[in-house]
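Notes for the structure review
Residue-level listing of the chains:
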Amino acid sequence: MSKQIIASTGSRRLITRRSSIGWALFVAYFALAANHHQFRSSSVAVVAVDPKPEHVALWLSNLSRYVRFRSGKFDCLAGMDGQGAPSESTLATWERQYSPSAWSVRFQTPDEVISHHVNFVTSESERNREALETSLNVAYGSGDRDKVDIYGDDLPPDAPLFVYIHGGYWQMLEKETSAYSAKPLVDRGVRVMIVGYELCPAVTLEELVRQIKAAGEFVLNYAAENGVKHVSMAGHSAGAHLIQSMIDHTFQNAVGEEFNLLKDVYLISGVYNVQELRYTKSVNKDNLLGIDDTNARRLSPLFANYDHLRSATGLRFHVYVAQHDSDVFREMSTRMSEHLKTYGLNSELTVLPNLDHFDIVESLASADYAITTAILDGIVGSSKE
Ligand SMILES: N[C@@H](CC(=O)c1ccccc1NC=O)C(=O)O
């Protein structure tokens, strides 16, 4: 007994020295873990781990960014404001994180994922045009693509309205191939409107946001004129970005009372931060989106103010992301939902298992799919209130 006491007293200095070494190791481990954390949940700041000495400063800056993030003082996802272009390895990470087709586990190659998606959405949309009563190319603006297609036009004029804004990084796809959700909804009494819009680079992203606001005004006017009580709006990927950009303070003011007809917003695998996209060749070759240091943050819904929506009674956000979306996409959705909640808004995040960035919307062609039933439940739920 006394021997043990003597032994422990005698080794106290050693213990103290050991614990300093322990602390040093702990701090070093934490620095690496923080960097690794940023690598994984990379919308915080995607910086690939690189042991070169010039990256030590970057690690330290990432560590401080991580600490600021954990303490709630972090306010910029990319952390790129005023920091210039990313390193080559960081950019390579971003290219992959922002290439949804690289994350699908359904096919061997990203090209196969995309070509399957395009084939699927094209044939489903064609089928729906044949099967359903339509009113096509109803103009909301003067441009060639400033038009909507209406499905289920034989339903009563005041039938609930579902509006869909397709994705494709603001540069691909079109309303004609984006009507795959129509049948299960029309079959249950919901009129479906698929929004067309001009693509980049024919317009800049900034112009496109203005255009989508015109589409939104058109939709809500249409609803008001036809006695529609419930409008739901869904956007996929770039389309979710467009919805979140549309519903700003000016839009709400311009639309007036009719804004309150918008009840449910479905944000599916959305892009909510375009800052890193300034640099990615896969998305923004030759800056086809027209984003730069002056507008990238303003065009990123994650940094937008949604305080005005507190007055929008009964508005609910349903944020969905796929298990097989990339880290950046999952992080963006998580933070979008949290961001909305900070304004006291009703928002719920759902990570859908066994789906990727593409079948998360392809599945809207099925009546028993989680998002399809949520859309229908949202309408039935609202009518009971
Ligand atoms: N080049 C992209 C394509 C893409 O992201 C995409 C394709 C179709 C519909 C939505 C997409 N993503 C965002 O809008 C990819 O690698 O997956």
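Throughout this description, residue numbers start from 1 for each chain and increase along the sequence as written. In view of the model being predicted, local features appear only for residues whose pLDDT reaches at least 70, and side-chain atom pairs are presented and counted only at 80 or more, with totals across whole chains, interfaces and linings using the full set of residues.

A few points about the site of the ligand
Around the ligand, a shell composed of 13 residues is seen, among which Ser-99, Ser-101, Gly-167, Ser-237 and Ala-238 lie nearest. Ten residue types, Ala, Val, Leu, Ile, Met, Phe, Trp, Tyr, Cys and Pro, are classed as nonpolar, four, Asp, Glu, Lys and Arg, as charged, and the remainder, Gly among them, as polar. Tallied by class, residues from the shell around the ligand come to six nonpolar, seven polar and no charged. Only the C-beta atom matters for nearness: placed from the backbone, it must lie within 6 Å of the molecule or strand for the residue to count as near.

A closer look at the pairing of strand E5 (residues 231-236)
Exposure classification rests on a simple neighbour count of other C-beta atoms within 10 Å of a residue's own: a residue reaching 20 or more is buried, one at 12 or fewer is exposed, and one in between is partly exposed. C-beta atoms are placed from the backbone. Runs of E in the DSSP output that reach at least two residues are strands. Runs of H or I that reach at least four are helices, and both are numbered from the N terminus. The buried fraction of E5 amounts to six of the six residues, a majority that puts the element mostly inside the structure. Along E5, one buried face is formed by Val-231, Met-233 and Gly-235 and the opposite face, lined by Ser-232, Ala-234 and His-236, is buried too. Bridge analysis of strand E3 (residues 161-165) against E5 gives five bridges, and the strand direction is parallel. Bridge pairing links Tyr-164 to Ala-234 in E5. If DSSP finds at least two bridges between two strands, the strands pair.

Describing the UniProt feature "active site" (unreviewed entry) in the protein chain
The UniProt record annotates "active site" (unreviewed entry) at Ser-237, Asp-325 and His-357. Annotated residues spanning 121 residues; largest pairwise C-alpha distance 10.7 Å, indicating a single compact cluster. Relative to the helices and strands, Asp-325 is located in the loop between strand E7 (316-324) and helix H11 (327-341). When sequence neighbours within four positions are dropped, the list of residues in contact with Asp-325 reads Pro-100, Trp-103, Ser-269, Arg-330, Asp-356 and His-357. UniProt positions are given in the numbering used here, feature names are shortened, and annotations may be inferred rather than shown by experiment. Here the contact rule is simple: place C-beta atoms from the backbone, and any two residues whose C-beta atoms are within 7 Å are in contact.

So, helix H8 (residues 238-246)
Across the nine residues of H8, nine count as buried, placing the element largely inside the fold. By the burial criterion, the buried members of H8 are Ala-238, Gly-239, Ala-240, His-241, Leu-242, Ile-243, Gln-244, Ser-245 and Met-246. Packed against the buried residues of H8 are E3, helix H7 (205-225), E5, helix H9 (249-255) and strand E6 (262-268).

A word on helix H5 (residues 110-131)
Taking 1.5 Å of rise per residue, 22 residues should cover 32 Å, and H5 covers 32 Å from first to last C-alpha, within 8% of that figure. In this structure, the buried residues of H5 make contact with strand E2 (147-151), helix H6 (182-186) and helix H12 (359-362). In this scheme, a helix's expected span is set at 1.5 Å multiplied by one less than its residue total.

Notes on the environment of Ser-99
With respect to the element layout, Ser-99 can be found in the loop between helix H4 (88-97) and H5. Its 18 C-beta neighbours within 10 Å are what place Ser-99 among the partly exposed residues. Along the primary structure Ser-99 and Phe-120 are separated by 21 residues, whereas in three dimensions their C-alpha atoms are 19 Å apart. Setting aside chain neighbours within four positions, we find Ser-99 in contact with Pro-110 and Ser-282.

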